[in-house]
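Spelled out from the first residue to the last, the chains are:
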Amino acid sequence: MSFEREIPRRASFGGRTSICLREPLVFRKMSMRSRPPRSVLLTPGTPTVIDGRSLLRRSNPRMIPANLSFPETTEKKASWELKKPNAAVYAIQGRRPHMEDRFNIVSRLEHTGTSIYGVFDGHGGDFAADFAEKTLFKSIMIRLLKASLEEQTENLTSMLTQEMLNVDYQLLNIARSNMDISGSTALVALVKDGKLTVANIGDSRGVLCDKDGRSIPLSYDHKPHSVKEKKRIKEAGGFVSFNGVWRLAGVLATSRALGDYPLKDKNILIAEPDILSFDCREIQPQFIILATDGLWDVFGNQEAVDYIKERLHEPHFGAKSLVLQAYYRGSLDNISVMVVKFGTNSDLL
């Protein structure tokens, strides 16, 4: 049994009502085979998930079709920032499920006249990066303060090497007892008396912008496929294979790191830093960039320098803009960028 009648329906185009259309509206007697889609009963105050999305709590029960679709929503990405008078950091979790990057800034440490900057890129968990950032900064400050109070001159290259290896030793002892397999890169820059000293373990990277706007590398990535690293790994009995990128033992995309005790036990991964020193009075840097590889996966050295040069007037000296641009370009990693501004009148020179 059925009957039909026509009812008017207004059609809207571009927000304007244009014409009235007529279409048949059909009422039919419902059989068991033609019943509507199954519905889900929502009880008051109970969040219910349909198609993987949470519905808002309702004050009254509602019948919601089980096949109801919801529009895609953009998740808010977790972000962190730190601002000092001459330095700023901006970091985002990005497309990774967890944030494993860490960073720190110490401006003009009392009694020492030394500024310390560092970024750490964790992998396999955030324990190693968190431990390294806290412990390494603390140990460096203690060494510098002790030398200052004793009126001694500290060899920064030797001090950074010793302290990084000592932090790695402590980290490995804790990791073995906790069965924590995480690891971390470490990129640390010290500025003292017009000298810039940069220590690097892993594939985070530092770049300097000189007075003419040219990029100068402050570090070189420790990649398993580089000639020097590949030779060392093979001599230690390890191997390098390609799995999306070149990896140490088919697992790790960097050939040096803090932590990673299973690979350290086999001696194919080391924590020996490479250290470079620069005379800031001679180079007259405008700024330096310290960043995790989430940036360098999509930006070249000169490209990043040019990008920051145009944005030094921003609140984060361009660090935030650079991070977001790296994300928009498709970086898949956590992204942390630190910009340290020197300038002609900077007390860092």
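Report follows, based on the coordinates. All figures in this text were calculated on a predicted structure; none of them were measured in a lab. (Residues numbered from 1 in each chain as written. Predicted model: local features only at pLDDT ≥ 70, side-chain atom pairs only at ≥ 80, totals over all residues. Heavy atoms only, no water.)

**Some remarks on the sheet that holds strand β20 (residues 287-291)**
Backbone hydrogen bonds are what pair the strands of a sheet, in a parallel or an antiparallel way.
Link 1 in the chain: Spatially, the six strands line up as an open sheet ordered β7-β8-β21-β20-β14-β15, and their pairing is antiparallel. On the outer flanks of this sheet lie β7 (79-83) and β15 (215-217), each paired with one strand and no other. Adjacent strand axes in the sheet meet at a mean angle of 15°, parallel and antiparallel pairs treated alike.
Link 2 in the chain: Pairing of β20 with strand β21 (residues 335-341) involves five bridges; the strand directions are antiparallel. Within β21, the position partnered with I289 by the bridge is V339.
Link 3 in the chain: In the packing of helix α8 (residues 319-328) onto the sheet, contacts are made with β8 (87-92) and β21, and the angle to β21 comes to roughly 150°. (Pairing = 2+ DSSP bridges. Helix = DSSP H or I, 4+ residues; strand = E, 2+ residues; numbered from the N terminus. Axes fitted to C-alpha atoms, helices over the stretch in contact; angles between N-to-C directions. Contact = heavy atoms within 4.5 Å.)

**Section: unusual backbone geometry**
Link 1 in the chain: Of note in the backbone geometry, D260 takes a positive phi value of approximately 55° without being a glycine.
Link 2 in the chain: Its place among the elements puts D260 in the loop between β18 (258-259) and α4 (261-265).
Link 3 in the chain: We note that F317 has phi near 55°; this positive angle belongs to a residue other than glycine.
Link 4 in the chain: Note on placement: F317 falls in the loop between α7 (301-309) and α8.

**As for the pairing of strand β17 (residues 245-248)**
Link 1 in the chain: Pairing geometry for strand β16 (residues 240-243) and β17, over four bridges, is antiparallel. Along β17, the bridge assignment pairs N243 with V245.
Link 2 in the chain: Hairpin connection from β16 to β17: one residue lie between these consecutive antiparallel strands, with G244 at a positive phi of about 85°.

**Quick notes on the pattern of salt bridges**
Link 1 in the chain: Applying the stated criterion across every chain, the model contains 19 salt bridges.
Link 2 in the chain: Among the salt bridges present, the one from R102 reaches D126, with a minimum N-O distance of 3.2 Å. Taken together, the positions of R102 in strand β9 (residues 101-109) and D126 in the loop between β10 (114-123) and α1 (127-149) put the pair 24 residues apart, joining distant regions of the chain.
Link 3 in the chain: We classify R102 as buried; its relative accessible area is 18%.
Link 4 in the chain: Overall, D126 belongs to the partly exposed group, its relative accessible area being 36%.
Link 5 in the chain: Residues R214 and D210 are paired through a salt bridge, measuring 3.1 Å at the closest nitrogen-oxygen approach.
Link 6 in the chain: Taken together, the shared-partner salt bridges in this structure form one network comprising R102, D126, D130, E133 and K134. (Salt bridge = Lys/Arg side-chain N within 4 Å of Asp/Glu carboxyl O. Buried < 20%, exposed > 50% of the residue type's maximum accessible area, 1.4 Å probe, protein only.)

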